[in-house]
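Chain residues, written in single-letter form:
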Amino acid sequence: MARRLRFIGTNSGNDGCPTLYEDLDTGEVLVQGDAVTDPDDVAQLRNVKPGEGFVMVPRVLLADFAPKDVDRVPAVISFEGFGEMFRTFEHTAWRLETRRRYRSDEETETYGRFTRGEDAAWDLDDPWCVSRREQSALGKRFERVRIMDNPPTPGQRYLLDNARRNSAVGEDIRNLWRSDAERLKLPEEDFWLFDSRVIARLHFDDDDRMTGVELVTDPVGVLHACQVRDAAWHHAVPYDRFEGQVPSAE
């Protein structure tokens, strides 16, 4: 069935191109413009799917006629798609970790060894570590700020030990006491910020198991995440120095 399209506007005079239309049923915007077909141009585009087409329109057309209001629907991606983001980002991947425990950590052999007082025996050649080293070698930065309670939970102590592994494969890990995070009014949620342009917000259930990943590209939300990153990163302490501030578990 054909779409029900409503003409929004054009600034092309009588030529009829470029032009914007709105789908009356979905709210989607259809863009009419000069097709981009040069293979060298198309090769610069990301994640091109079969059947997709591309058009060029003047910036002023979007400024004048593109809808300014929007009802945002949560964009939930698969865990596979989330994992792919750690390969396709260009410059920086920054993480805020706020939870007191992570169920996925507790199901690992390293966690069992650590909680028994043994060496965790981190494997620096497992696929995760290999991927981090490869991406870091390309000049990409992986950074985390981990919030810690005082006294720390077992899971937080485990992650403090885990920072030795992450640091060895290219990540920069810092820690911040929860009291300082509260003073800075940092959000109590976990997220990754990729290239200062997209947030991957992590959702957890009551058993502290990650249940989904929501992408946020709203400029206001992304700007706030950048401000959170700057404040947290400024006040957080590198993990190897922070260790000296952590009380003994005994």
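Details of the structure are given in the entry above.
So, how was this worked out
Residues numbered from 1 in each chain as written. Predicted model: local features only at pLDDT ≥ 70, side-chain atom pairs only at ≥ 80, totals over all residues. Heavy atoms only, no water. Buried < 20%, exposed > 50% of the residue type's maximum accessible area, 1.4 Å probe, protein only. Helix = DSSP H or I, 4+ residues; strand = E, 2+ residues; numbered from the N terminus. Arc of directions from axis to C-beta. Contact = heavy atoms within 4.5 Å. Salt bridge = Lys/Arg side-chain N within 4 Å of Asp/Glu carboxyl O.

## A closer look at helix α3 (residues 79-88)
By the burial criterion, the buried members of α3 are Phe 82, Met 85 and Phe 86. Projected down its long axis, α3 shows its buried positions confined to an angular sector of 100°, all on one face. Contacts from the buried residues of α3 go to β6 (75-77), α6 (127-137), β8 (141-148), β10 (191-194), β11 (198-204) and β12 (210-216).

## A word on the pattern of salt bridges
The final tally for this structure, using the stated rule, is 32 salt bridges. Linking Arg 87 and Glu 84 is a salt bridge whose minimum nitrogen-to-oxygen distance equals 2.4 Å. Taken as a pair, Arg 87 and Glu 84 lie in helix α3 at a separation of three residues, close to a single helical turn. Put simply, Arg 99, Arg 101, Arg 103, Glu 106, Glu 107, Asp 207, Asp 208 and Arg 209 are held in one network by salt bridges that share partners.

## Points about unusual backbone geometry
The omega torsion across Asn 150 and Pro 151 is 10°, close enough to zero to call that bond cis. Structurally, the position occupied by Pro 151 is in the loop between β8 and α7 (154-168). The phi torsion at Asn 47 lies on the positive side, around 50°, for a residue other than glycine. Take Asn 47: it is sitting in the loop between α1 (39-42) and β5 (55-56). Assessed through its relative accessible area of 66%, Asn 47 is described here as exposed. Unlike most non-glycine residues, Lys 185 shows phi in positive territory, near 60°. Structurally, Lys 185 can be placed in the loop between α8 (178-183) and β10.

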